[in-house]
Amino acid sequence: QSGGSGPEGSGRGGGERQQKLVLMLNGQPLPCGVTIFQAIRQFGSPSPTARELAAAAGGPAAGMPSLPASLSQRLWGAVYTLTYRLPMEVDELGGGGGRGSVEPAGSGRSSEGEEGVRCAVEAHVLPPGTDPLLGALGAAAPPLCAESEGAGAVLKLLWFLHRLNEHWARLYSTAEVPEAQRGAPALPPAVFPNSKLNAKLMRQLQDPLALCSRSFPSWCATLVNAYPFLFSFGTRRLFLHSTAFGLSRALQRLHAHAHEASSSSASSGAESRLESRLGRLPRQKVRISRSRLLDSAVRVMELYAAQPALLEVEYFGEVGTGLGPTLEFYALVSHDLRKAELDLWYHEEQPISDEPPAAAPDSTEAPLGGAAAERARDKHEKLVHAPCGLFPRPVAQEADGSGVPKRTIQLFTFIGRLCAKAMLDGRLVDLCFAPPFYRHLLCCELGLEDLHDLSPQLFRSLHQLQALASERSRLLRAGGKAAEVAAAVASLTLHGCPVDQLGLDFTLPGFPDFELKPGGADVDVTIDNLGEYVRLVTDGLLVGGVRAQLAAFRQGFSDVFLVSRLAPFTPSELDVLLNGARERWDKATVIELLKFDHGYTRSSAAISHLLDVIADLTDAQLASFLKFVTGSPRLPVGGLARLSPRLTIVQKKPESGVSPDAYLPSVMTCANYLKLPDYSSKEVMRERILTAINEGQGAFLLS
């Protein structure tokens with residue numbers, strides 16, 4: 001290691017070690033924590049100034065050591081001279097900068113993690129009436145690295161157009177824009193990515209030397225983080241996997257990509273086996289009890305979330321092991337975290353209906369237990385009703401977060417670790433957060449409009465109140481006789497009712513113990529303080545009442561890898577990364593993505609019946625079917641086409657003299673293997689499949 005420091009850098013764990021020597025290569029001070037291999041990759045070629053000096057002195061500039069550009073050239077074909085000196089003040093101030101981007105080849109965590117965690121505390125709400133378009137367009141464009149300065153004007157113009165595309169609806173009045181289009185961009189996101197930049201970045205990510213040494217050109221991180229709209233979702237996801245998930249996972253990803261793209265020749269097979277050994281991940285197996293699932297999960301994440309090993313979960317008293325029980329672990333923990341008794345989430349009252357309420361599209365509320373005892377227990381478990389997604393329940397707290405229950409902070413820290421570990425290991429959770437939650441993680445400015453994505457009914461009420469407050473401000477600015485202005489202000493009403501008769505006080509709606517300001521329960525809302533009320537309610541729901549919870553989530557997430565690594569993604573893309581794809585199964589498309597064996601072919605009548613049954617399932621039933629077959633209620637990123645191993649349908653043959661209708665389907669979740677009897681009719685198949693997905697979960701047994 002160069003500079004006398006370990007690869008984790010300083011500022012983590014114990015006291016900071018003092019640097020005793022500074023290593024130099026071609027006149028460049030080497031950063032602490034950089035390996036010799038990284039240093040040669042980054043600083044092995046002399047700067048233009050050094051070449052000019054060598055040429056002026058009559059020395060052969062071409063003879064100076066330079067870095068080979070590709071794998072085909074010999075990396076160690078030259079001698080690289082390292083010099084050293086005592087540290088100077090400029091080194092302590094961070095003045096020894098270098099070219100490009102060098103970071104320790106660790107797990108993706110570094111001292112910038114504290115900055116990423118603090119971002120949630122610094123989030124703020126725009127004052128009511130502030131035009132987000134003016135704020136977006138008035139902001140300075142992100143800075144560029146040296147390699148991108150030549151295209152700076154074009155990049156800034158594209159950045160401006162992209163922001164305008166997101167907030168175009170603000171150019172029109174509310175009446176001119178249909179409500180369904182207000183939050184949608186004017187142009188689809190697919191028009192912004194640049195195919196040449198995508199291809200160039202893909203080539204960098206497929207360079208094994210750059211991958212191993214973490215010495216990608218600086219423009220890669222700069223453009224991906226500051227101008228993410230120039231790259232497709234798949235490319236940005238690949239960049240995340242290659243730079244934030246550690247070297248072993250990056251090599252595994254590279255091996256998988258090469259395996260898909262290359263032919264199966266003898267030489268390529270030997271190379272792939274070598275790469276597979278180099279990128280092999282250790283596995284950490286844990287065994288937990290289903291009866292104490294949440295407490296066990298909290299302890300498991302405290303111990304193993306930050307470890308590089310791939311986490312695998314087993315259950316006491318069950319024989320199942322591998323992928324299936326692990327995926328079910330994330331799904332069951334997600335289910336338990338949505339229990340109303342935990343008081344974690346902002347929610348609405350469940351609508352009263354004669355029929356059982358349908359599960360919201362953002363949650364899986366189909367029965368998760370198979371045994372009768374477990375179903376009886378589930379009947380007493382009330383899950384939060386959050387049709388817009390999960391968002392922390394606001395709690396009155398001080399600026400430092402005091403006032404929030406310790407258990408709440410512990411659980412949000414755990415949720416952060418759970419989500420990050422699931423993303424790191426390629427697993428899925430079933431926690432569909434509301435869009436304002438993701439915007440918080442991305443450090444976006446929040447405003448009254450964000451309440452529409454959290455509670456549409458409350459947003460409509462506050463929007464009407466804000467309109468009255470804005471009209472009052474307009475009347476006061478217009479001036480005139482004091483008596484006439486006062487009369488005009490007093491005449492402002494909401495549907496004919498004066499504001500002071502609405503029965504409002506300065507407490508958060510739905511939370512009478514949450515005072516928006518000291519003594520707020522005794523302060524009535526009038527037309528004169530209406531604007532302040534709207535501002536405080538918006539801030540209390542989106543920032544002030546959830547500051548400590550979201551800071552705990554960010555801290556837990558950054559314990560695994562930096563939450564700031566998620567910056568290139570949009571809220572909808574983050575939902576896909578965490579929860580997987582949500583798609584309907586079209587019969588003509590699905591049949592091409594399935595595998596049939598042991599008695600079934602794609603032309604079998606049972607296969608046709610199965611696809612018809614699946615196509616008719618509701619969203620909740622389809623999620624339960626996926627959880628029954630794969631262990632997870634969602635498909636991975638990319639949908640059914642990216643499910644690995646492929647979903648295989650085989651015939652389950654009955655014993656002699658027994659009708660196939662007497663059997664239920666069974667599965668091997670680790671192999672995505674569905675054993676389906678050849679039922680006598682589609683109706684019988686549907687009934688037996690629904691029985692299986694409702695009754696056959698909750699344990700992994702031999703079948």
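Basis of the calculations
- Residues numbered from 1 in each chain as written.
- Predicted model: local features only at pLDDT ≥ 70, side-chain atom pairs only at ≥ 80, totals over all residues.
- Heavy atoms only, no water.
- Helix = DSSP H or I, 4+ residues; strand = E, 2+ residues; numbered from the N terminus.
- Buried < 20%, exposed > 50% of the residue type's maximum accessible area, 1.4 Å probe, protein only.
- Contact = heavy atoms within 4.5 Å.
- Areas by Shrake-Rupley, 256 points an atom, 1.4 Å probe, with all protein chains shown as cover.
- pLDDT = per-residue confidence, 0-100.
- Pairing = 2+ DSSP bridges.
- Axes fitted to C-alpha atoms, helices over the stretch in contact; angles between N-to-C directions.
- Core = buried A, V, L, I, M, F, W, Y, C linked by side-chain atoms within 4.5 Å.
- Salt bridge = Lys/Arg side-chain N within 4 Å of Asp/Glu carboxyl O.
- Expected span 1.5 Å × (residues − 1).
- Patch = residues over 30% accessible without salt bridge, like charges linked within 9 Å, V, L, I, M, F, W, Y side chains within 5 Å.
- Right-handed = clockwise from strand over helix to strand, strands pointing away.
- Phe/Tyr/Trp six-rings, centres within 6.5 Å; stacked < 30°, edge-to-face > 60°.
- Lys NZ or Arg CZ within 6 Å of the ring centre and 35° of its normal.
- Polar contact = N/O pair within 3.5 Å; in protein donor to acceptor, adjacent residues only side chain to side chain.

1. What to know about the overall build of the chain
Stage number 1. Along the backbone of the chain there are 26 helices and 13 strands.
Stage number 2. Buried residues in the chain amount to 46% of all 703 residues.
Stage number 3. Across the chain, the fraction of contacts at a sequence separation of at least 24, relative to all contacts at a separation of at least 6, is 74%.
Stage number 4. Carbon together with sulfur atoms contributes 55% to the accessible area of the chain, which is approximately 34400 Å² in total.

2. Observations concerning the confidence of the model for the chain
Stage number 1. Mean pLDDT over the chain stands at 78; residues scoring 70 or higher make up 76%.
Stage number 2. Low pLDDT (under 50) marks residues 1-16, which in the prediction has 28 contacts with non-local residues, meaning those over four places away or in another chain.
Stage number 3. When the criterion is pLDDT under 50, residues 263-268 qualifies, and its contacts beyond four places in sequence or with other chains add up to one contact.

3. Comments concerning the sheet that holds strand β12 (residues 666-668)
Stage number 1. Judged by pairing direction, the sheet is mixed, and its four strands sit side by side in the order β10-β11-β13-β12 without closing on themselves. Two strands lie at the open edges of the sheet, namely β10 (595-597) and β12, each paired on one side alone. Taking the axes of each pair of neighbouring strands and ignoring which way they run, one obtains an average angle of 25° across the sheet.
Stage number 2. Bridge analysis of β12 against strand β13 (residues 673-676) gives three bridges, and the strand direction is antiparallel. Bridging across to β13, Val667 finds its partner in Leu674.
Stage number 3. Against the sheet, helix α24 (residues 605-615) contacts β10, β11 (648-651) and β13, and its axis sits at roughly 115° relative to β13.
Stage number 4. Contacting β12 and β13, helix α25 (residues 619-630) crosses the sheet at an angle of about 60° to β12.

4. Description of the nonpolar core
Stage number 1. Core analysis: the biggest nonpolar cluster contains 92 residues, and Phe329, Phe414, Ile415, Leu418, Phe433, Tyr533 and Phe561 have the highest contact counts within it.
Stage number 2. Among the elements that line this core, the one with the most residues is helix α16 (residues 406-425), at ten residues.
Stage number 3. If we ignore the near neighbours within four places in the chain, the residues touching Ile415 are Leu337, Leu344, Trp345, Leu431, Phe433 and Phe553.
Stage number 4. Core analysis: the next-biggest nonpolar cluster, separate from the first, contains 32 residues, Phe596, Phe625, Leu643 and Leu647 among them.

5. Quick look at the pattern of salt bridges
Stage number 1. Summed over the entire model, instances satisfying the criterion amount to 22 salt bridges.
Stage number 2. When the shortest N-O distance is used, the salt bridge between Glu328 and Lys627 registers 3.5 Å. A residue pair is termed long-range when its members are at least 10 positions apart, and Glu328 in helix α14 (residues 323-337) and Lys627 in helix α25 qualify at 299 residues.
Stage number 3. One salt-bridge network, in which partners are shared between bridges, spans Arg290, Glu318, Glu328 and Lys627.

6. Section: α14
Stage number 1. Counted at 1.5 Å a residue, the expected span for α14 with its 15 residues is 21 Å, and the 21 Å between its end C-alpha atoms agrees.
Stage number 2. The buried fraction of α14 amounts to 14 of the 15 residues, a majority that puts the element mostly inside the structure.

7. So, a nonpolar patch on the surface
Stage number 1. On the surface, a cluster of nonpolar side chains totalling about 350 Å² of accessible area is made up of Leu21, Tyr84 and Leu86.
Stage number 2. Its place among the elements puts Leu21 in the segment before β1 (22-25).
Stage number 3. Exposure remark for Leu21: the relative accessible area of 36% places this residue in the partly exposed category.

8. Overview of unusual backbone geometry
Stage number 1. Its identity as a non-glycine residue notwithstanding, His495 has a phi of 55°, on the positive side.
Stage number 2. Along the chain, the position of His495 falls in the loop between β6 (493-494) and β7 (497-498).
Stage number 3. Backbone geometry at His598 places phi at a positive 50°, although glycine is not the residue there.
Stage number 4. Here His598 lies in the loop between β10 and α24.

9. Quick notes on the pairing of strand β4 (residues 283-288)
Stage number 1. Across six bridges, the pairing between β4 and strand β5 (residues 310-315) is parallel. Among the inter-strand pairings, Arg283 is bridged to a residue of β5, identified as Leu310.
Stage number 2. Assessed by its sense of winding, the connection that carries the chain from β4 through helix α13 (residues 293-304) to β5 is right-handed.

10. Regarding the packing of aromatic side chains
Stage number 1. Summed over the entire model, instances satisfying the criterion amount to 16 aromatic pairs.
Stage number 2. Seen in terms of ring centroids, Tyr227 and Phe229 are 6.2 Å apart; in terms of plane orientation they differ by 75°. Their pairing is edge-to-face.
Stage number 3. Using a relative accessible area of 0% as the deciding quantity, one classes Tyr227 as buried.
Stage number 4. The interplanar angle of 75° and the centroid separation of 6.0 Å between the aromatic rings of Phe233 and Phe569 together place this pair among those described as edge-to-face. Here the residue Phe233 occupies a position in helix α10 (residues 233-244), and Phe569 occupies one in the loop between α21 (547-558) and α22 (571-579), the gap between them amounting to 336 residues.
Stage number 5. What makes Phe233 partly exposed here is its relative accessible area of 21%.
Stage number 6. Arg290 extends its terminal NZ or CZ atom over the ring of Tyr315, reaching a point 3.9 Å from the ring centre.
Stage number 7. One Lys or Arg, Lys517, reaches over the ring of Phe506 and ends 4.3 Å from the middle of that ring.

11. Things to note about the environment of Leu344
Stage number 1. Inspection of the secondary structure assignment puts Leu344 in the loop between α14 and α15 (372-379).
Stage number 2. By relative accessible area, which is 1% here, Leu344 ends up buried.
Stage number 3. In this structure, the C-alpha to C-alpha distance between Leu344 and Pro394, residues 50 residues apart in sequence, is 8.8 Å.
Stage number 4. For Leu344, the contacting residues outside a window of four places in its chain are Leu337, Phe391, Pro392, Arg393, Thr408, Leu411, Phe412 and Ile415.

12. Digging into the sheet that holds β1
Stage number 1. With respect to topology, three strands assemble into an open sheet ordered β2-β1-β3, the strand pairing being antiparallel. Among the strands making up the open sheet, the edge pair consists of β2 (28-29) and β3 (82-85).

13. Quick notes on the pairing of β5
Stage number 1. Burial analysis of β5 places six of its six residues in the buried class, the great majority of the element.
Stage number 2. The alternating pattern of β5 places Leu310, Glu312 and Glu314 and Leu311, Val313 and Tyr315 on opposite faces, both of which are buried.

14. Re the environment of Ser291
Stage number 1. Relative to the helices and strands, Ser291 resides in the loop between β4 and α13.
Stage number 2. Along the primary structure Ser291 and Phe316 are separated by 25 residues, whereas in three dimensions their C-alpha atoms are 9.9 Å apart.
Stage number 3. Among the polar contacts listed, one links the side chain of Ser291 to the side chain of Ser289, at a separation of 2.8 Å.

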